[in-house]
Amino acid sequence: MAARSVFRSGLFNDRVAIVTGGATGIGKAITAELLHLGCRVVIASRKAERLEAAAGELSQLISPSSAASITALQCNIRQEDQVRELVASTLRLHGRIDYLVNNGGGQFSSPAANMKLKGWNAVIDTNLTGTFLCCREVYRAWMKDHGGAIVNIIADMWRGFPGMAHTGAARAAVENLTKSLAIEWASSGIRINSIAPGTIFSKTAMENYKELGPMIFQMAVPCIPAKRLGLPEEGTIFSKTAMENYKELGPMIFQMAVPCIPAKRLGFPEEISPAVCFLLSPAASFISGATLKVDAGQSLYDSVWEIPDHSSWPAPPEGENVGALRELMKKLKHKL
Ligand code: ADE
């Protein structure tokens, strides 16, 4: 994490920001850049220990002459009363809230067919309802009367999100929520925008991907002639033991994404934080209800999701075009 910025030092002096999920990955980089620009930042997350550690580490970046400060407040954004308390505590501490960055979120990988309702609800609650609650509380308690700027961090879900359908649905909903709030709250002088990062590498994200093992192996099943995972004694690559022992999936998942990124490299949290600072800053004074893709064109390009060869698709309606293609295929076969 680098406490550098292309923006003018002191740009956010005397400003107060709440960054949810501010202890790790993209949230930590956003916090670091805001601090560098003089902001007073409250980082909020569910896990107190990690939050305190991050606040301690980030506070080292603040120079003694800076107006910046960092405070860690534990908050589960799924809980309405805890979000209310986060906002109230920030106001008690700093007397204002200029910026809200909704970065806190979480998901797990699973084919949609295997998702349990509890898991589905947890992801929707965190990513969609948590974002809504933070927006609503900040609006009610401060921004309604004083204005402000909000940035929601969403995801590259433009072509669906196979393998993480729940978070795709939640993030798409947040994009829509952004537009609704941009209109409903415009008369309070509130700007609200989203940022949709591409594949961003961070240590935390890599560790979280470890649980992908089972899904990768399940995905391989259609490609295995026996249509099942192998047994250890069969010596197959896709065995149950291999799956359980698979610890290196984090780096592999990230590597798999690289060919699908026009930049031919992964993105980094420090490449998301400047976009957040821009949208919060006066440079974006006429931007609201927008989503900025920060993905090096990844969403326009390729997908990592492989569709196995199959012949399950419904046949097209019979007609002269289908007949013509059939004849053509027959001729081609004949020639071959
Ligand atoms: N980051 C991920 N999940 C969260 C939650 N429930 N509350 C706050 N931050 C989070």
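This section reports on the structure supplied with the text. Only a predicted model underlies this, so the values are computations on that prediction, with no experimental measurement involved. (Residues numbered from 1 in each chain as written. Predicted model: local features only at pLDDT ≥ 70, side-chain atom pairs only at ≥ 80, totals over all residues. Heavy atoms only, no water.)

**Examining the pattern of salt bridges**
Short version of the rule: Any Lys or Arg side-chain nitrogen found within 4 Å of a carboxyl oxygen on Asp or Glu counts as a salt bridge. Under the scheme used here, helices are H or I runs from DSSP no shorter than 4 residues and strands are E runs no shorter than 2 residues, and both carry numbers assigned from the N terminus.
Per the counting criterion, the structure on display carries 13 salt bridges. Here Lys330 makes a salt bridge to Glu327, at a shortest N to O gap of 3.4 Å. Placement of the pair is Lys330 and Glu327 together in helix H11 (residues 320–335), with a separation of three residues, close to one helical turn. When salt bridges with common partners are traced through the structure, they connect Glu80, Arg84, Arg136, Glu137 and Arg140 into a single cluster.

**Quick notes on the site of the ligand**
What counts, and what does not: Any residue with at least one heavy atom within 4 Å of a molecule or strand is counted as near it. Each polar contact in these results corresponds to two N or O atoms within 3.5 Å; when the atoms are within protein, one needs to be able to donate a hydrogen and the other to accept it, and residues that are neighboring in sequence are counted only if both atoms are side-chain atoms. Note that accessible areas follow from Shrake-Rupley with a 1.4 Å probe, and for residues the cover is restricted to the protein chains shown.
Around the ligand, the neighbouring residues are Ser45, Arg46, Cys75, Asn76, Ile77, Arg78, Gly105 and Thr126. A distance of 3.4 Å separates a nitrogen atom of the ligand from a polar atom in the backbone of Cys75. Here a nitrogen atom of the ligand and a backbone polar atom of Ile77 are 2.9 Å apart. Surface burial for the ligand is 90%, taken as the share of its 260 Å² of free accessible area covered by protein chains.

**Notes on the pairing of strand S3 (residues 69–74)**
To be explicit about the condition: One requirement defines pairing of two strands: DSSP has to find at least two bridges between them. A clockwise path from the first strand over the helix to the second, with the strands pointing away from the viewer, defines a right-handed crossover.
Pairing of strand S2 (residues 40–45) with S3, which is carried by six bridges, proceeds in the parallel orientation. Bridge pairing in S3 links Ile43 to Ala72. Assessed by its sense of winding, the connection that carries the chain from S2 through helix H2 (residues 48–59) to S3 is right-handed.

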